[in-house]
Amino acid sequence: MKSRGGSSPGTSRPMITDLFSVAAERHPDKTAVSQKDRVFTYAEIAVKIKGVSATLGSLPLTSSDRVIIALNNEIWFIVAYFGVLEAGLVPVIIRTDMPPVKTACIIRSVDAAGVIGYSRVFRDLPAPLPDIQFAILDEEPPVPLSDTPVYMSLEEASRCQQPKHLPSSAATGSGIEPRTILFTSGSSGLPKGVILSAENLDYSVGIMVDYLKLTSHDCSLISIPFSHCAGLLHMLA
């Protein structure tokens, strides 16, 4: 996957939660992502992001709710990640090849309100699981999620045009509140969570942009999974 570079070094950057919408306003027709034989403009992706955000905003969720994202490096990850952020919720990014017992452990540890990703990731999850309120998946929900109240496909969620009812603190939250949660691989035990605030992400992305001297004219080839901190920061940069 290739992603276009961000702001010029030394210039002010929008907050992480507004990063993509601001880029879409400034460069609507510019290529944002090249994936295999397809290219997507900022405007095209922004429409899908707002659809997912509207979908989530129509559900009875709060700003502290966590949403599992289990997607590889593809357009739908970007749509899901920024859609969750714009809805004022907290994305929890996990690997798609993690053993079911570790995936279930993460879902329980964050008390996830919903999941977005590949159906296969959630196929063999051991009980018990928290009350999952929604599932946005590429296929029909597997047995562990069969009783989820709200299910829809990624494409369907991205087309939502309903007015959003965002969590009350979505627009006014401080920069130190959790904005992303990543997990270790759990190679030496159970996966461990790392909470990142908007300030954490903004600072780290700014350092990367300045160090690599990235500008809006640059194109980056990203091979590191977005579930890894380096991959996520590279995508945001």
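Model, not experiment: these values are computed from the prediction.

**Describing the pairing of strand β6 (residues 114-117)**
Of the two faces of β6, both are covered, the one formed by G114 and I116 as well as the one formed by V115 and G117. In the sheet, strand β4 (residues 66-70) pairs with β6 via four bridges, with the strands oriented parallel. When the bridges of β6 are listed, I69 appears paired with I116. The pairing of β6 with strand β7 (residues 134-137) spans four bridges and is parallel. If you follow G117 over to β7, its bridge partner there is L137.

**Describing unusual backbone geometry**
In this structure, the amide linkage connecting A127 to the following residue, P128, adopts the cis form with an omega of 0°. Phi angles above zero are rare outside glycine, and K36 is one such case at about 55°. For K36, a relative accessible area of 82% puts it in the exposed group. Of note, the phi angle at K213 is positive, near 55°, even though the residue is not glycine. Within the secondary structure layout, K213 lies in the loop between α6 (198-212) and β11 (219-221).

**Things to note about helix α3 (residues 75-86)**
An α-helical segment advances 3.6 residues per turn. Residues three or four places apart therefore align on the same side. Here α3 is twelve residues long and its end C-alpha atoms lie 17 Å apart, about the 16 Å a rise of 1.5 Å per residue gives. Across the twelve residues that make up α3, a large majority, twelve, are buried. When we look at burial in α3, the residues that qualify are I75, W76, F77, I78, V79, A80, Y81, F82, G83, V84, L85 and E86. A positive backbone phi angle near 80° is found at G88, which sits one or two residues after α3.

**A few points about the packing of aromatic side chains**
In the structure shown here, the tally under the stated rule is five aromatic pairs. Measuring from centroid to centroid gives 5.5 Å for F20 and F82, while their planes differ by 50°, and the two rings are tilted. Of this pair, F20 sits in helix α1 (residues 19-26) while F82 sits in helix α3, and the two are 62 residues apart along the sequence. Neither F20 nor F82 differs from the other in exposure class; each is buried. Clustering of aromatic rings is evident, with ring pairs tying together F20, Y42, F77, Y81, F82 and F226.

Thresholds, definitions, all that
Residues numbered from 1 in each chain as written. Predicted model: local features only at pLDDT ≥ 70, side-chain atom pairs only at ≥ 80, totals over all residues. Heavy atoms only, no water. Buried < 20%, exposed > 50% of the residue type's maximum accessible area, 1.4 Å probe, protein only. Helix = DSSP H or I, 4+ residues; strand = E, 2+ residues; numbered from the N terminus. Pairing = 2+ DSSP bridges. Expected span 1.5 Å × (residues − 1). Phe/Tyr/Trp six-rings, centres within 6.5 Å; stacked < 30°, edge-to-face > 60°.

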